[in-house]
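# Architecture at a glance
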Amino acid sequence: MAHSARRRDCPELPDFSLLKRLARDQLIYLLEQLPGKKDLFIEADLMSPLDRIANVSTLKQHEVDKLYKVEHKPVVSTSDQLCFLIRPRIQTVKWICDVANADKAAGKFRRYKIIFTPQKFYACEAVLEEQGIFGDVTTDEWAFNLLPLDDDIISLELPEFFRDNFLAGDQRWVRTAGSALHLLHSLYGPFSKIYGIGRCSKMAYESWREQVEEGEQRTHQAEIGKVFLIDRDVDFVTPLCSQVVYEGLVDDIFRIKCGCVEFGPEVTSSDKSMKVMLNSQDKVFNEIRNEHFSNVFGFLSQKARNLQTAYDKRRGMDIKQMKTFVSEELKGLKQEHRLLSLHIGASESIMKKKTKQDFQELLKTEHSLLEGFEIRECISFIEEHINRQVSMIESLRLLCLLSITENGLLPKDFRSLKAQYLQSYGVDHLLTFANLRQLGLLVEQQPGETLTVMESKVGKLVNDKTAGKLTDAFSSLAKKSNFRALSRKLNLVPKSDEEYDLRVPRDMAYIFSGAYVPLSCKLIEQVLDRDGWTGLEEVTRLLNGHEFAVSGSTGGDSKTKSDAQRIILVMFLGGCTFSEISALRFLGRERGYKFIVVTTAITNSSRLLEALLDNHA
């Protein structure tokens, strides 16, 4: 198998089930604050995370009578007590106000409780006050910051973090990220070293430091040694590339939601869809999740042969042996058989969609863009893609990849491609183009405009007092991707003259068929190797700075300390892809580290771009 462990001395991961227990206990405590039978209204995007923490029977035990989804319609509940479990969104709070005011008008008396998660914002309380029901409702905060999706993946399940923070410049979620880090620190710390890059990472780190200083200091055995914080906008290229590892492909095609995927009838070979949990408990999935897709079928067929051999063992058994076989092995074999047939079905479905001529051409175009070759041919391919209206999101993804890798488009190319895109997919995407420009994802090269010229212009626009604190709008004018220079400095694109054997990967580039080492993971590798940013000054300059490396406290005896030092927590602010997680797992196996990935949400190219669409004008 390509991924047999390289180093046998990898440390054990901490047990994160404690995070689930803490969240469940706190929720139960909050529900019991409203004694008696009550109906619970849950916001749609909280349903999947809640299911992972407390199932319906747990809620029923604590006097929850009926469950409803928040639908912004008049409520049909007859209960005297209504409890709302919601994200802190003004629109939802306004709807709750409408419900309470409608009850008042009808002369109906009820008790209302709002539980905000992960935190309560002042703006929401202001709405309650404005609508005149502040005194009629009780509000609480459920600090459900961290949901373990697997042994080494923890999610904040905040997909809106990306748009709110990087596009709207709304920093309200930074404190949430800081609180999540604080919780991990108090349970599994103290951390010995904290590295980071990106503006948001720096703010999250500072928010966490404030919380540490406010709280009481407890010293216990550290289970996590080092922490690395990284902003999504440090590396946009990686999430914009097509994923080709198995878990990434499953996410791209079937959409993994909260660690769970729904396979349709074409996969289950029946007339029903099936929900499947994808984690390390699924033995078949665990062995293929990080594999390049070209290796998956070989592995699955080998697994099928092994299963058959295990089934065949029962031939020629006497009664006693058969009894042992049925009680000890048969159940496990049947479970494995079921999972195997599901993953074979999923792989066949992926093959149908992804091994068409189009997909090979698409990958070839992406690889050319990453290497900086045959750019005119790539532009022709993208034009054809737009004009054939293959997919709105895919076309946008290719345009962004072209812009970032080329450090902006030539004015004539930009105008032509933009016009073709708007003609194909509608002029209401004009706002989307403005969003992409603001993030530096799709920009036009300015003739003779260097970064310094731009900065001096912006400097003149604002007075001296504020010149040091340029607003996001101004600094985004000066966003340059510098991908080519970074690629050369960090050797992100391996030499293409030698054959790359995907069965025996030699570096993290295998996750993109050997064409590109993800920038985010390369930075993590370099900083860990150098124990800081020393020697990477040129790289950080190209990435617009905001890097930091701080020593934390150390404690505990040297044996466990050295084990903890090899457990590294990487926190992605703005989302991370399954491909990046696979690359970090590979790096960990190579270097004897174990990586824990904490992310605001799992993302991929479609989710990233859908968050920036503004075609609902």
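Note that the coordinates shown come from a computational prediction; the quantities given were computed from them, not determined experimentally.

### What to know about the packing of aromatic side chains
All told, the structure shown has 23 aromatic pairs when counted by the stated rule. Pairwise contacts between aromatic rings join Phe41, Tyr68, Phe84 and Trp95 into one cluster. Note that Arg209 overlies the ring of Trp208, its terminal NZ or CZ placed 5.3 Å from the centroid.

### Here we look at the sheet that holds strand S13 (residues 567-573)
The strands that make up a sheet are held in pairs by hydrogen bonds between backbone atoms, and each pair lies either parallel or antiparallel. The strand order across the open sheet built from seven strands is S6-S7-S14-S13-S9-S8-S12, with neighbouring strands paired in mixed fashion. Bordering the open sheet on either side are strand S6 (147-150) and strand S12 (547-551), each of which pairs with just one other strand. Along the sheet, successive strands turn relative to each other by an average axial angle of 20 degrees, direction set aside. In terms of strand pairing, strand S8 (residues 193-197) meets strand S9 (residues 226-231) through five bridges, oriented parallel. Across the sheet, the residue bridging to Gly196 is Leu229, located in S9. Of the strands in this sheet, S8, S9, S13 and strand S14 (594-599) touch helix H24 (residues 519-530), which is tilted by about 145 degrees from S9.

### What to know about a negative patch on the surface
Taken together, the side chains of Glu206, Glu210, Glu213 and Glu214 present a region of like negative charge at the surface. Within the element layout of this structure, Glu206 appears in helix H8 (residues 199-214).

### Quick look at the sheet that holds strand S3 (residues 81-86)
An order of S2-S1-S3-S4-S5 is seen for the five strands of this open sheet, with the pairing classed as parallel. Strands with a single pairing partner mark the edges of an open sheet, and in this sheet they are strand S2 (64-69) and strand S5 (137-141). Adjacent strand axes in the sheet meet at a mean angle of 20 degrees when their direction is disregarded. For strand S1 (residues 38-42) and S3, the ladder comprises four bridges, and the chain directions are parallel. Within S3, the residue paired with Ile42 across the bridge is Leu85. In the packing of helix H4 (residues 90-105) onto the sheet, the strands contacted are S1, S3 and strand S4 (111-116), and the crossing angle to S3 comes to about 170 degrees.

### A closer look at the environment of Leu431
Turning to its location among the elements, Leu431 is positioned in helix H19 (residues 430-438). Residues Leu431 and Leu612, spaced 181 residues apart in sequence, show a C-alpha to C-alpha distance of 9.1 Å.

### Topic: the packing of H4 against helix H5 (residues 122-130)
Look at H4 against H5: their axes get within 9 Å of each other, and the N-to-C directions meet at 25 degrees. What the angle tells us is that H4 and H5 run roughly parallel. H4 and H5 meet at a crossing whose hand is right-handed. From H4, Ile90, Val93, Lys94 and Cys97 reach across to H5, where they touch Ala123, Cys124, Val127 and Leu128. Tallied by class, the residues present in the contact of H4 with H5 amount to seven nonpolar, no polar and one charged.

### Remarks on the state of the cysteines
Any covalent bond linking the sulfur atoms of two cysteines counts as a disulfide. Evaluated as defined, the whole model comprises zero disulfides. The thiol sulfur of Cys260 is not disulfide-bonded, and the nearest other cysteine sulfur, from Cys258, lies at 8.2 Å.

### Regarding the side chain of Thr268
Here Thr268 lies in helix H11 (residues 265-268). A distance of 2.8 Å separates the side chain of Thr268 from the backbone oxygen of Lys272, its partner in a polar contact. Aside from chain neighbours lying at most four places away, what touches Thr268 is Phe263, Met274 and Leu342.

### Points about H19
Those residues of H19 that sit buried are Thr432, Phe433, Asn435 and Leu436. The arc enclosing the buried residues of H19, seen along the axis, measures out at 160 degrees, which places them on a common side. On its buried face, H19 sits against helix H6 (160-167), helix H17 (392-405), helix H18 (411-425) and helix H28 (605-610). Positive backbone phi, at 80 degrees, marks Gly440, one or two positions downstream of H19.

### Things to note about the pairing of S14
Most of S14 is tucked away, with five of its six residues classed as buried. Alignment of strand S7 (residues 153-155) against S14, held across three bridges, turns out to be parallel. Pairing of Ser155 across the sheet is with Thr599, part of S14. In this structure, S13 lies alongside S14, joined through six bridges in parallel fashion. The partner of Phe572 across the bridge, within S14, is Thr599. After leaving S13, the chain enters helix H27 (residues 578-591) and then returns to the sheet as S14, a path that is right-handed.

Thresholds applied
Residues numbered from 1 in each chain as written. Predicted model: local features only at pLDDT ≥ 70, side-chain atom pairs only at ≥ 80, totals over all residues. Heavy atoms only, no water. Phe/Tyr/Trp six-rings, centres within 6.5 Å; stacked < 30°, edge-to-face > 60°. Lys NZ or Arg CZ within 6 Å of the ring centre and 35° of its normal. Pairing = 2+ DSSP bridges. Helix = DSSP H or I, 4+ residues; strand = E, 2+ residues; numbered from the N terminus. Axes fitted to C-alpha atoms, helices over the stretch in contact; angles between N-to-C directions. Contact = heavy atoms within 4.5 Å. Patch = residues over 30% accessible without salt bridge, like charges linked within 9 Å, V, L, I, M, F, W, Y side chains within 5 Å. Areas by Shrake-Rupley, 256 points an atom, 1.4 Å probe, with all protein chains shown as cover. Salt bridge = Lys/Arg side-chain N within 4 Å of Asp/Glu carboxyl O. Lys, Arg positive; Asp, Glu negative; His and termini not counted. Charge placed at Lys NZ, Arg CZ, Asp CG, Glu CD. Parallel < 35°, antiparallel > 145°, perpendicular 65-115°, else oblique. Left-handed = near helix turned anticlockwise from the far one by under 90°. Nonpolar A, V, L, I, M, F, W, Y, C, P; charged D, E, K, R; others polar. Disulfide = S-S within 2.5 Å. Polar contact = N/O pair within 3.5 Å; in protein donor to acceptor, adjacent residues only side chain to side chain. Buried < 20%, exposed > 50% of the residue type's maximum accessible area, 1.4 Å probe, protein only. Arc of directions from axis to C-beta. Right-handed = clockwise from strand over helix to strand, strands pointing away.

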